Amino acid sequence: MINHNDEERRSKGWNVFHALLLFVFMACTFTACVDETEYSNTPRGNFEALWRIIDERYCFFDYKQQEYGLDWNEVYARYSQQVDDRMSEDQLFEVLGNMLGELRDGHVNMYSSWDVARNWSWHEDYPSNVSDTLLRRYLGTDYRIAASLKYRILDDNIGYVRCASFATGFGEGNLDEVMYYLAPCRALIIDLRDNGGGLVTSAEQLAARFTNEKTLVGYMQHKQGRAHSDFSSMQEQWLKPSDGIRWQKRVAVLTNRSVFSAANEFVKYMKCFPQTIVVGDRTGGGAGLPFSSELPVGWSVRFSACPMYDTEQHSTEFGIAPDYEVALTDADTQRGVDTIIEAARKLLVQKEILNEQ
C-alpha cells in the first residue's frame, strides 16, 4: 500500500535539522587559511601549520583515543623528527600524508596539484562484497532511470533500486515516479553498496519516503573551541516524512564497507524505521561533516569537523553493523548469483509470511 500525503508541499521553510544542515554546508564551502606570517612556507612551517589545524579543529580525538589509543601529541613527536627544511615537496607531502593517516578517517585528505593524500583502509582492507557484473545481470538492460536511481521489478515481484551515489539531489517528481512504479511490489530492495556519499540532504530526501511521522534519527555536535573536547551540546536530528508518495511495505538496504559519509547517514536513518532491515557488510562510516583549510604551501586540507551520532548517541564514524551479515560467495558469483541480493529477497519474503500469520 502506498500512502500519498496530499497536504501542501513545504514551501515556507525547512525543519530545524534541515536548516542546520544547510548552515553547515554553507559554512563548509569556505576555507580557513593559516596565517602565513605565523607559519612560513618551509617544510617545518607547513608541518607545524597542519598539526595545529588538526589539533584545534578535528572532531574525533577523544573517540579515537578510546577506540585505538590515538595520541596526537605522540604523533607530533614522531613525525616532527621526519621533517627537514632540506626535504623536497614530494617528501614533505608523503610525511604529512602519513601523519594524517594516523587519524584513520576517510574524510581527511590533503590535496596538491599532483596527488591526494588519503586513508582508504576503511574499505580497502575488506572484501568489496559487490560485483559490477552481477549488478548488470540483475538490472538487465530495460531498467528505468530517475535522477541517479536505477530501478526495476524483479521476477518475484520485489522492487529493486540501485542507489550508487548521493552526489546530486533528487527531484521530488523523480521519487514520486519511482514510488508509483514500484507500488505493486510486495517489498523493496535499496542497493546502497559502493555509495561513497555526497549530499546529506539527498540522503534525507530519500529516507523521508519511508516514514509517516517525524522521527528522531540521531544527534550532531559543533566544535566550539580549540581543545579536543570543546563541543556544543547534543543537537537532535529529526527527519520529517515526505509530502510525496511514501513506501509502506518491507525494505531491505544492502550495504558494504564502501558505504560512506552521506550514505552512512542514510543507513542510520533507515535503521530507525521498523519495516527496514539492513543486509550485507558493515558500512565504512564517515560520521563527521568535513571542513577545509589551507597550508602556507597552498595545499588544501579537508578534515572532519562536526561529529554525528545515532539515536543512542553512539558515533557511527567507524560504520554501522547490518542486521543480517551476508557476504558474496565465490560459488554464487561463478553461478551469476549475488549472495547479498538473494539473501535480502529471502528475508523479505520470510518477514512478509510471518507478518501474515
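In case you missed it, the structure is sitting above this.
Everything quoted here is computed from the prediction, not taken from an experiment.

Q: How should I be thinking about the overall build of the chain in this particular structure?
A: The helix and strand inventory of the chain stands at 12 helices and 16 strands. For the chain, the proportion of its 357 residues judged to be buried stands at 54%. Counting only contacts in the chain whose residues sit at least 6 apart along the sequence, the fraction spanning at least 24 positions is 76%. For the chain, the computed accessible surface area is about 16400 Å², with 47% contributed by carbon and sulfur atoms.

Q: Would you take a moment to explain the packing of aromatic side chains for this structure?
A: For any two aromatic rings, the description comes down to two numbers: the centre-to-centre distance and the angle of the planes. What the rule picks out here adds up to 17 aromatic pairs. With centroids separated by 5.5 Å and ring planes inclined at 45°, the aromatic side chains of Phe61 and Trp72 adopt a geometry described as tilted. Of this pair, Phe61 sits in helix H3 (residues 61-68) while Trp72 sits in helix H4 (residues 72-80), placing them 11 residues apart in sequence. For the residue pair Phe61 and Trp72, the accessibility class agrees, reading buried in each case.

Q: Would you mind showing me how to read the pairing of strand S15 (residues 300-309) here?
A: Buried residues dominate S15, accounting for 8 of its 10 residues. Strand direction decides the pairing type here: strand S3 (residues 109-111) and S15, joined by 3 bridges, are antiparallel. Pairing of Met110 across the sheet is with Val301, part of S15. With 2 bridges joining them, strand S9 (residues 215-220) and S15 adopt antiparallel strand pairing.

Q: Can you help me understand the sheet that holds strand S12 (residues 250-255) in this one?
A: Whenever strands of a sheet pair, they do so through backbone hydrogen bonds, lying parallel or antiparallel. Reading across the sheet, the 7 strands line up as S5-S6-S7-S8-S12-S13-S16 and stay open at both edges, with mixed pairing between neighbours. A strand with exactly one partner marks an edge of an open sheet, and here the two such strands are strand S5 (144-146) and strand S16 (324-325). Where strand S7 (residues 158-163) and strand S8 (residues 187-191) come together, 5 bridges link them in parallel fashion. Within S8, the residue paired with Tyr160 across the bridge is Ile189. With respect to the sheet, helix H8 (residues 172-181) is in contact with S5, strand S6 (149-153), S7 and S8, its orientation differing from that of S6 by roughly 15°. Sitting on the sheet, helix H10 (residues 262-270) touches S8, S12 and strand S13 (276-280), and the angle it makes with S12 is about 150°.

Q: What exactly am I supposed to notice about the packing of helix H9 (residues 200-207) against H10 here?
A: Two packed helices can be described by the angle between their axes and the distance between those axes. Following both chains from N to C, one finds H9 and H10 inclined at 30°, their axes separated by 8 Å at the closest point. In terms of orientation, H9 and H10 fall into the roughly parallel class. Remark: the crossing between H9 and H10 carries right-handed chirality. In this structure, H9 uses Val200, Ala203, Glu204, Leu206 and Ala207 to contact H10, whose residues at the interface are Ala262, Phe266, Tyr269 and Met270. Here the residues of the contact of H9 with H10 are counted per class, giving 8 nonpolar, no polar and 1 charged.

Q: Which parts of the structure should I look at to understand the pattern of salt bridges?
A: Opposite charge on two side chains makes pairing possible when the charged atoms of those side chains draw close. Overall, the coordinates contain 22 salt bridges when judged by the stated rule. A salt bridge links Arg86 to Asp84, with the shortest nitrogen-to-oxygen separation between them at 2.8 Å. A relative accessible area of 73% places Arg86 in the exposed class. Connected via shared salt-bridge partners are Glu38, Arg52, Glu56 and Arg226.

Q: Whenever I open this one, unusual backbone geometry confuses me. Can you help?
A: Of all residues except glycine, most have a negative phi; of all peptide bonds, most are trans. Positive phi, normally seen in glycine, also occurs at Asn157, with a value near 65°. With respect to the secondary-structure elements, Asn157 resides in the loop between S6 and S7. The exposure class assigned to Asn157 is partly exposed, which follows from its relative accessible area of 31%. For Ser261, which is not a glycine, the phi torsion comes out positive at approximately 60°. Look at Ser261 and you get buried, because its relative accessible area is 12%.

Definitions and limits used
Residues numbered from 1 in each chain as written. Predicted model: local features only at pLDDT ≥ 70, side-chain atom pairs only at ≥ 80, totals over all residues. Heavy atoms only, no water. Helix = DSSP H or I, 4+ residues; strand = E, 2+ residues; numbered from the N terminus. Buried < 20%, exposed > 50% of the residue type's maximum accessible area, 1.4 Å probe, protein only. Contact = heavy atoms within 4.5 Å. Areas by Shrake-Rupley, 256 points an atom, 1.4 Å probe, with all protein chains shown as cover. Phe/Tyr/Trp six-rings, centres within 6.5 Å; stacked < 30°, edge-to-face > 60°. Pairing = 2+ DSSP bridges. Axes fitted to C-alpha atoms, helices over the stretch in contact; angles between N-to-C directions. Parallel < 35°, antiparallel > 145°, perpendicular 65-115°, else oblique. Left-handed = near helix turned anticlockwise from the far one by under 90°. Nonpolar A, V, L, I, M, F, W, Y, C, P; charged D, E, K, R; others polar. Salt bridge = Lys/Arg side-chain N within 4 Å of Asp/Glu carboxyl O.

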